[in-house]
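In case you want the letters, here they are:
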Amino acid sequence: MARPMAVFGSALLALALTLFAATRLGTEFLPTLEENNLWLRVTLPNTVDLDYSTSVSNGLRAFLRSQPEIETVSVQIGRPDDGTDSTGVFNQEYALYLKKPDQWPAGATKKDLVARIEKQLARVPGVEYYIQDNVAEALSGVKGENSVKIFGSDLDMLQAKATEVASMLRGTQGVVDVGIFRELGQPTLNVQVDRARCARFGVNVSDVQNLVQYALGGAPVTNVLENEKTFGLAIRLPQGYRENPDKIGALLVDTPDGQRVPLAMVADVKLTDGPFFVYREEGKRYIAIKFSVRNRDLGSAVVEVQDKLDRQIMLPQDYKFRIDGQANQMKAAQAKLMAIIPLTLLTIFLLLFSAFGNFRDAAIVLLNVPFAAIGGILALHLAGETLSISAGLGFLSLFGIAIQDGVILISYINKIVKRDNEDLTEAAVEGAALRLRPVIMTAMLSGFGLLPAALSHSIGSEAQRPLAIVIVGGVVTTTVLTLLVLPVVFTWANRARNRARQAH
């Protein structure tokens, strides 16, 4: 018995080391799907006009078409055709369709292409960009893969804190494509009435407001009849006067004593930096700072970002942070798996109890589940993959295979004991030998069936590869441990039953 127990002890040690190794696996929502294309979003300063935006897009498009890996480039300036995503001409979206990988220059990689594009974009003054799949916007709520949202009421305070957060993100390893969705920056003519100065001249505030309304915005003063139609006739100052703060300040306001004073004497007239777009969510103002994660797993990057937000960024009262995007989706999916897996195992345990008629054998079969995870976790480490939702689904499938192998073995051992009245130890050895072929066939069916998917690196294989890797690696350890460890555990757990049988 010493040798079987040594085998069991070694298995427990391997399980402990594997569980420790699992804590070193990176986490992410889903692997980045390779579709042999790139989506590039370029954001220029919001004050640019269409001519400047067009000239920038023409230059970038020419550069992109000159890259040997790119086959076709399309660009769109402004909002989409359906008008559901309001934006200005400062927004440019490029769809880059790549050539087949076998047509690329020798040694060229997508990473090199992205690096060249980023280097070219860095030459455009004031540009911000985002290189990724466009579907990520549905997760973060903004034009970016992930975002830090700061909720608050004052736009100037939001802008200041967003600048601090963006600086912090740029200093975080693996965080790229950092950009602020700026809400200020629209040149605004601000006429602030000074009530004290108005009182000095006896001018009503409403008189000042009416002057500004008629001179700048225009207001109907009479109606024009044209056949059966009536049109309001509005008047206002010529465009040259409306665009010059000094000329606006020189407008004359009537006083009660019949004199006229310049508008600048009763109000402050100046150009200010006003809002051009205000983001709202759940009825609250917010500003978003987008970011992506490359060359690092999403889970550890988001944990570091959250830690830095809590330690380095001080918010006023009633202001708060929130990280949106793939990070939130990953946490939600992980929480669901943490609830689904125990419920699934409990259901399986009840089914095993009904099949075996006792808790002991059902628990022994269920013990095969954690040992099945050894191969899956090691395979993820060897393949350089992260613990994603795809890998989590692979573990669920692997647990089913492990339980099936356990049922095959334990049920046959019980059958031998009941049929031949053999000693439990001998029955366990015989059962493991006779069930070798069915257990190996079950493993081969799953392992070889998914081996091509586990080894594939073709376009579109990123989603299913972690699932296949987990199952292929897991069935190897599951098969070995089912045949070597499970009989030992069964014999040890039923030693009292064995002694009772020998006494009779």
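Just above, that's the structure.
Residues numbered from 1 in each chain as written. Predicted model: local features only at pLDDT ≥ 70, side-chain atom pairs only at ≥ 80, totals over all residues. Heavy atoms only, no water.

## Comments concerning a nonpolar patch on the surface
A cluster of nonpolar side chains, namely Y214, V221, V224, F231, L233 and I235, defines an oily patch on the protein surface of about 500 Å² accessible area. Counting residues per element, the ones that place at least two in the nonpolar patch are β8 (219-226) and β9 (229-235). For the nonpolar patch, the element with the highest residue contribution is β9, accounting for three residues. Within the fold, V221 resides in strand β8. The class for V221 is partly exposed, based on a relative accessible area of 44%. (Patch = residues over 30% accessible without salt bridge, like charges linked within 9 Å, V, L, I, M, F, W, Y side chains within 5 Å. Areas by Shrake-Rupley, 256 points an atom, 1.4 Å probe, with all protein chains shown as cover. Salt bridge = Lys/Arg side-chain N within 4 Å of Asp/Glu carboxyl O. Helix = DSSP H or I, 4+ residues; strand = E, 2+ residues; numbered from the N terminus. Buried < 20%, exposed > 50% of the residue type's maximum accessible area, 1.4 Å probe, protein only.)

## Side note on the pattern of salt bridges
Counted under the stated rule, the structure contains 17 salt bridges. Put simply, K149 and D324 hold a salt bridge, and the shortest N to O gap is 3.0 Å. With K149 in strand β5 (residues 146-151) and D324 in strand β15 (residues 320-325), the pair connects residues that are 175 residues apart, well separated along the chain. The pair K149 / D324 is uniform in exposure class, with both members buried. For R197, the salt bridge identified is with D268, shortest N-O distance 2.8 Å. One end of the pair, R197, is in helix α6 (residues 195-201); the other, D268, is in strand β12 (residues 267-275), and 71 residues separate them in sequence.

## Considering unusual backbone geometry
Residues other than glycine predominantly adopt negative phi, and peptide bonds predominantly adopt the trans conformation. With a phi angle near 55 degrees, N227 is a residue other than glycine that sits in the positive phi range. A residue is classified by how much of its surface remains accessible, and N227, at 80% relative accessible area, is exposed.

## A few points about the environment of M444
Of note, M444 is situated in helix α16 (residues 436-455). Here M444 falls in the partly exposed class, since its relative accessible area comes to 43%. For M444 and V472, which are 28 residues apart along the polypeptide, the C-alpha to C-alpha distance reads 9.1 Å.

## Some remarks on the side chain of D297
With respect to the helices and strands, D297 occurs in the loop between β14 (284-293) and α10 (298-312). There is no salt bridge for the buried D297, and the closest opposite charge comes from R296, which lies 4.9 Å off by N-O distance. (Lys, Arg positive; Asp, Glu negative; His and termini not counted.)

## As for the nonpolar core
Core analysis: the biggest nonpolar cluster contains 48 residues, and L352, L380, F395, I410 and I413 have the highest contact counts within it. Of all the secondary structure elements, the ones that give two or more residues to this core are α11 (326-356), α12 (359-366), α13 (368-383), α14 (389-420), α15 (424-434), α16 and α17 (465-493). It is α14 that provides the largest number of residues to this core, a total of 13 residues. In this structure L352 touches G357, A362, V365, L366, I403 and V407, once residues within four positions along its chain are discounted. (Core = buried A, V, L, I, M, F, W, Y, C linked by side-chain atoms within 4.5 Å. Contact = heavy atoms within 4.5 Å.)

## Concerning the packing of aromatic side chains
Ring pairs (aromatic) are described by centroid distance and by the angle formed between their planes. Within this structure, the stated rule accounts for six aromatic pairs. An angle of 40 degrees between the planes, with centres 5.4 Å apart, marks the rings of F151 and Y286 as tilted. With F151 in strand β5 and Y286 in strand β14, the pair connects residues that are 135 residues apart, well separated along the chain. Here F151 matches Y286 in class, with each residue buried. Taking 5.8 Å as the distance between ring centres and 40 degrees as the angle between the ring planes, the aromatic pair formed by Y279 and Y286 counts as tilted. Using a relative accessible area of 3% as the deciding quantity, one classes Y286 as buried. By way of ring pairs, the aromatic residues F151, F181, Y279 and Y286 are connected into one cluster. (Phe/Tyr/Trp six-rings, centres within 6.5 Å; stacked < 30°, edge-to-face > 60°.)

## Thoughts on the packing of α15 against α17
Axis separation between α15 and α17 bottoms out at 9 Å; the angle between their running directions is 160 degrees. In this view, α15 runs roughly antiparallel relative to α17, as classed from their interaxial angle. Relative to α17, the crossing made by α15 is right-handed. Within the contact between the two elements, α15 uses L424, T425, A428 and A432 and α17 uses L483, P487, F490 and T491. A breakdown of the residues in the contact of α15 with α17 according to their chemical character gives six nonpolar, two polar and no charged. (Axes fitted to C-alpha atoms, helices over the stretch in contact; angles between N-to-C directions. Parallel < 35°, antiparallel > 145°, perpendicular 65-115°, else oblique. Left-handed = near helix turned anticlockwise from the far one by under 90°. Nonpolar A, V, L, I, M, F, W, Y, C, P; charged D, E, K, R; others polar.)

## Some words on α16
Given 3.6 residues to a turn, an α-helix orients residues that are three or four positions apart in the same direction. Its 20 residues place the ends of α16 27 Å apart at the C-alpha level, agreeing with the 28 Å of an ideal helix rising 1.5 Å per residue. For α16, the principal kink sits at G449 and spans about 30 degrees; a proline, P452, occurs within the next four residues. Among the residues making up α16, those that are buried are V439, T442, A443, S446, G447, A453 and A454. (Expected span 1.5 Å × (residues − 1). Bend = angle between axes of the 7 residues up to and from the residue.)

## Observations concerning helix α5 (residues 155-170)
Relative to the 22 Å expected for 16 residues at 1.5 Å per residue, α5 spans 22 Å between its end C-alpha atoms, a close match to the ideal helical length. Here α5 has its buried residues at L155, L158, Q159, K161, A162, V165, A166, M168 and L169. Looking at where α5 begins, the residue whose side-chain oxygen comes 3.2 Å from the main-chain nitrogen of D156 is D154. (Polar contact = N/O pair within 3.5 Å; in protein donor to acceptor, adjacent residues only side chain to side chain.)

## As for the environment of I389
Mapped onto the elements of the fold, I389 is located in helix α14. Taking the C-alpha atoms as reference points, I389 and A333, separated by 56 residues in sequence, lie 7.2 Å from one another.

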